[in-house]
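# What the coordinates show
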Amino acid sequence: MATTGSFFILFFLVLATTRSTSSVAGEMVTVLSIDGGGIKGIIPATVLSFLESQLQELDNDEDARLADYFDVIAGTSTGGILTSMISATNKKGRPFSAAKDILSFYFEHGPKIFSPRFGFNWRAWSPILAPKYDGKYLHKVLQEKLGETRLHQTLTNVVIPTFDMKKFQPTIFTKSEVSLP
């Protein structure tokens, strides 16, 4: 049931985001939604690589990237990492990463990003009170890869729903203004 609730929240966020963009009423909005799942991000990374290669083949353009095709890219947890990688800009103003390169990123960095906490930590025993992973290695790698790139610089609209453990409330990172009732 929690998965269904998460889907409806994400669906609402995408609708709220698309209303605040420059899209015209009646115009089709394309949305790519990427699920979370920790190291299992290898699975959507594989799917994204295949999708991008098929779009490149259809358009006969090996430089085409997923961010060129979608009005909104959304992702939770590891899906948020994938969203960032395919929509953030590099120094040439193109996507930071081709989808085919994400799989090698997960194989190289995934075991360190998604390693469970070791040692006795009472918060680690309760997923309600603490995150499953500490995020230190992820922060370091993203800082190295993305540097000073900011969300407003993404090539398309993004929605990355998260949960702030310190404030104990949801936090939504988005390029667009999201107005919630």
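Just above sits the structure.
So, here's what we can say about the structure. (Residues numbered from 1 in each chain as written. Predicted model: local features only at pLDDT ≥ 70, side-chain atom pairs only at ≥ 80, totals over all residues. Heavy atoms only, no water.)

## Overview of the overall build of the chain
Of regular secondary structure, the chain possesses five helices and four strands. Overall, the chain shows an N-to-C arrangement of helices and strands of α-β-α-β-α-α-α-β-β. When the 181 residues of the chain are sorted by exposure, 35% land in the buried category. A separation of at least 24 residues holds for 63% of the contacts in the chain among residues at least 6 apart in sequence. A total accessible area of about 11,600 Å² is found for the chain, and carbon and sulfur atoms account for 60% of it. (Helix = DSSP H or I, 4+ residues; strand = E, 2+ residues; numbered from the N terminus. Buried < 20%, exposed > 50% of the residue type's maximum accessible area, 1.4 Å probe, protein only. Contact = heavy atoms within 4.5 Å. Areas by Shrake-Rupley, 256 points an atom, 1.4 Å probe, with all protein chains shown as cover.)

## Let's talk about the pattern of salt bridges
A full pass over the atoms with the stated rule returns four salt bridges. Residue Arg65 pairs with Glu52 through a salt bridge whose shortest N-O separation is 4.0 Å. One end of the pair, Arg65, is in the loop between α2 (42-59) and β2 (72-75); the other, Glu52, is in helix α2, with 13 residues separating them in the sequence. Comparing Arg65 with Glu52, the two get one shared label, buried. Across the pair Lys140 and Glu144 runs a salt bridge whose closest N-O atoms are separated by 3.9 Å. Here Lys140 and its partner Glu144 are both found in helix α5 (residues 136-146), four residues apart, which amounts to about one turn of the helix. For Lys140, a relative accessible area of 46% corresponds to the partly exposed category. (Salt bridge = Lys/Arg side-chain N within 4 Å of Asp/Glu carboxyl O.)

## Overview of the sheet that holds strand β3 (residues 157-164)
Taken in spatial order, the four strands line up as β1-β2-β3-β4 in an open sheet, and their pairing is mixed. Unpaired on one side and paired on the other, β1 (31-34) and β4 (169-174) mark the two borders of the sheet. Neighbouring strand axes in the sheet, compared pairwise and without regard to direction, differ in orientation by 20° on average. Pairing of β3 with β4 involves six bridges; the strand directions are antiparallel. Bridge assignment links Pro161 to a residue of β4, and that residue is Ile172. Across the face of the sheet, helix α3 (residues 78-87) comes into contact with β1, β2 and β3 while running at roughly 150° to β2. (Pairing = 2+ DSSP bridges. Axes fitted to C-alpha atoms, helices over the stretch in contact; angles between N-to-C directions.)

## Remarks on the packing of aromatic side chains
For the structure shown, the criterion picks out three aromatic pairs. Ring centres of Phe105 and Tyr106 lie 5.9 Å apart, and the angle between their planes is 75°; this geometry places the pair in the edge-to-face category. This pair shows no difference in class: Phe105 is buried, exactly as Tyr106 is. Judged by centre distance (6.1 Å) and plane angle (15°), the rings of Tyr106 and Phe114 are stacked. Under the relative-accessibility criterion, Tyr106 is labelled buried at 2%. Ring pairs connect the aromatic residues Phe105, Tyr106 and Phe114, which therefore count as one cluster. (Phe/Tyr/Trp six-rings, centres within 6.5 Å; stacked < 30°, edge-to-face > 60°.)

## Details of the pairing of β3
The two faces of the sheet receive side chains in turn, since in a regular strand these alternate between them. The pairing of β2 with β3 spans three bridges and is classified as parallel. Paired with Ala74 across the strands is Val159, a residue of β3. Connecting β3 to the antiparallel partner β4 that follows it, the hairpin turn spans four residues, and Phe168 within it adopts a positive phi of roughly 55°.

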